[in-house]
Amino acid sequence: PYGKQGLAIAEWGGNSDYLTVAHTALSELYYKWGKAPQVLKHAKKIVEFAIKSQNVQYQLIGTMGLADGYLLAKDYKASIYNYNKALQLGSEKSAVIQLDDIYKGLSEAYSQTGQPVKALDAYKKFIVYRDSANNEKVRKHSVDLDKKYQLAQKERTLSENQLQLARKDLQRGELPPLAFYS
């Protein structure tokens, strides 16, 4: 119900970006529920509005949604076509995180069409990109932790310096004036 309400609000506003996001949410929900016709309906809308707003990232997401929807519908030829189209978009955008999903889907679709060599090749690429995406996430997390550590060290040094200055002021009798309120 909330997804449909979100879509209704986006349709009322008419903003392509909001419509793209609303259709993406519904497409993902229907995919999780295994409802191929609804996945395809909303994935087509994602592509339509992403093209309208010139958003290549959502064109990629919508094309992957089409590929996933066709895979659910057991239309493997259409699924392979859309995964390859998504692969082209993903390669242009260097979207490593989505390339692993594309190759995983291609592997399954090729497997279902009796193309074991292509299925294995796609699966091997899926593993490479999945590991690459995981390594990138670990690297980013490591960089974030390092930044937090460096900031904590600087704050500690600053606090120590302020404490030393306060001690020197106290020793010299140069304390800032205190205000008392009653």
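The structure we're discussing is the one just above.
Residues numbered from 1 in each chain as written. Predicted model: local features only at pLDDT ≥ 70, side-chain atom pairs only at ≥ 80, totals over all residues. Heavy atoms only, no water.

(A) Main features of the overall build of the chain. A count of helices and strands for the chain gives seven helices and zero strands. Sorting the 182 residues of the chain into buried and exposed places 31% on the buried side. Contacts spanning at least 24 positions in sequence make up 47% of the contacts within the chain whose residues lie at least 6 apart. As displayed, the chain has an accessible area near 12,600 Å², and 56% of this comes from carbon and sulfur atoms. (Helix = DSSP H or I, 4+ residues; strand = E, 2+ residues; numbered from the N terminus. Buried < 20%, exposed > 50% of the residue type's maximum accessible area, 1.4 Å probe, protein only. Contact = heavy atoms within 4.5 Å. Areas by Shrake-Rupley, 256 points an atom, 1.4 Å probe, with all protein chains shown as cover.)

(B) Spotlight on the layout of surface pockets. Taken as a whole, the largest pocket encloses approximately 490 Å³ of empty space. As for the largest pocket, its lining consists of 19 residues, of which Y31, M64, D68, Y83 and D101 are closest to the centre. Counting residues per element, the ones that place at least two in the lining of the largest pocket are α2 (16-32), α3 (36-52), α4 (56-72) and α6 (96-112). With six residues, the single largest contributor to the lining of the largest pocket is α4. (1 Å grid on protein atoms, 1.4 Å probe; cavity = no way out; pocket = protein on both sides within 12 Å on 5 of 7 lines; lining within 4 Å. Points joined across faces, edges and corners; volume = space filled by probe spheres on them.)

(C) Looking closely at unusual backbone geometry. Although it is not a glycine, Q54 adopts a positive phi angle of roughly 55 degrees. If you trace the backbone, Q54 turns up in the loop between α3 and α4. By relative accessible area, Q54 is classed as exposed at 69%. A positive phi angle is found at K74, which is not glycine, with a value near 65 degrees. Examined against the element boundaries, K74 turns out to sit in the loop between α4 and α5 (76-93).

(D) Expanded view of the packing of α2 against α4. In the contact formed by α2 and α4, the axes pass within 11 Å of each other and the chain directions differ by 25 degrees. One finds that α2 runs roughly parallel with respect to α4. The interaxial crossing formed by α2 with α4 has left-handed handedness. From α2, T20, V21, T24 and Y31 reach across to α4, where they touch Y58, I61, D68 and L72. Across the contact of α2 with α4, the residue classes tally to five nonpolar, two polar and one charged. (Axes fitted to C-alpha atoms, helices over the stretch in contact; angles between N-to-C directions. Parallel < 35°, antiparallel > 145°, perpendicular 65-115°, else oblique. Left-handed = near helix turned anticlockwise from the far one by under 90°. Nonpolar A, V, L, I, M, F, W, Y, C, P; charged D, E, K, R; others polar.)

(E) Expanded view of the packing of aromatic side chains. Enumeration over the complete set of coordinates arrives at two aromatic pairs. A centroid spacing of 5.6 Å and a plane angle of 80 degrees characterise the contact between Y30 and W33, whose relative ring orientation is edge-to-face. Assessed through its relative accessible area of 11%, Y30 is described here as buried. With 5.6 Å between their ring centres and 50 degrees between their planes, Y123 and F126 make a pair best called tilted. You can see Y123 and its partner F126 sitting in helix α7 (residues 116-172), three residues apart, about one turn around the helix. Here F126 falls in the buried class, since its relative accessible area comes to 8%. (Phe/Tyr/Trp six-rings, centres within 6.5 Å; stacked < 30°, edge-to-face > 60°.)

(F) Inspection of the side chain of S79 at higher detail. Counting through the fold element by element, S79 comes out in helix α5. A residue is classified by how much of its surface remains accessible, and S79, at 0% relative accessible area, is buried. There is a polar contact of 2.9 Å between the side chain of S79 and the backbone oxygen of A67. Excluding its chain neighbours within four sequence positions, the residues that come into contact with S79 are A67, Y70, L71 and A109. (Polar contact = N/O pair within 3.5 Å; in protein donor to acceptor, adjacent residues only side chain to side chain.)

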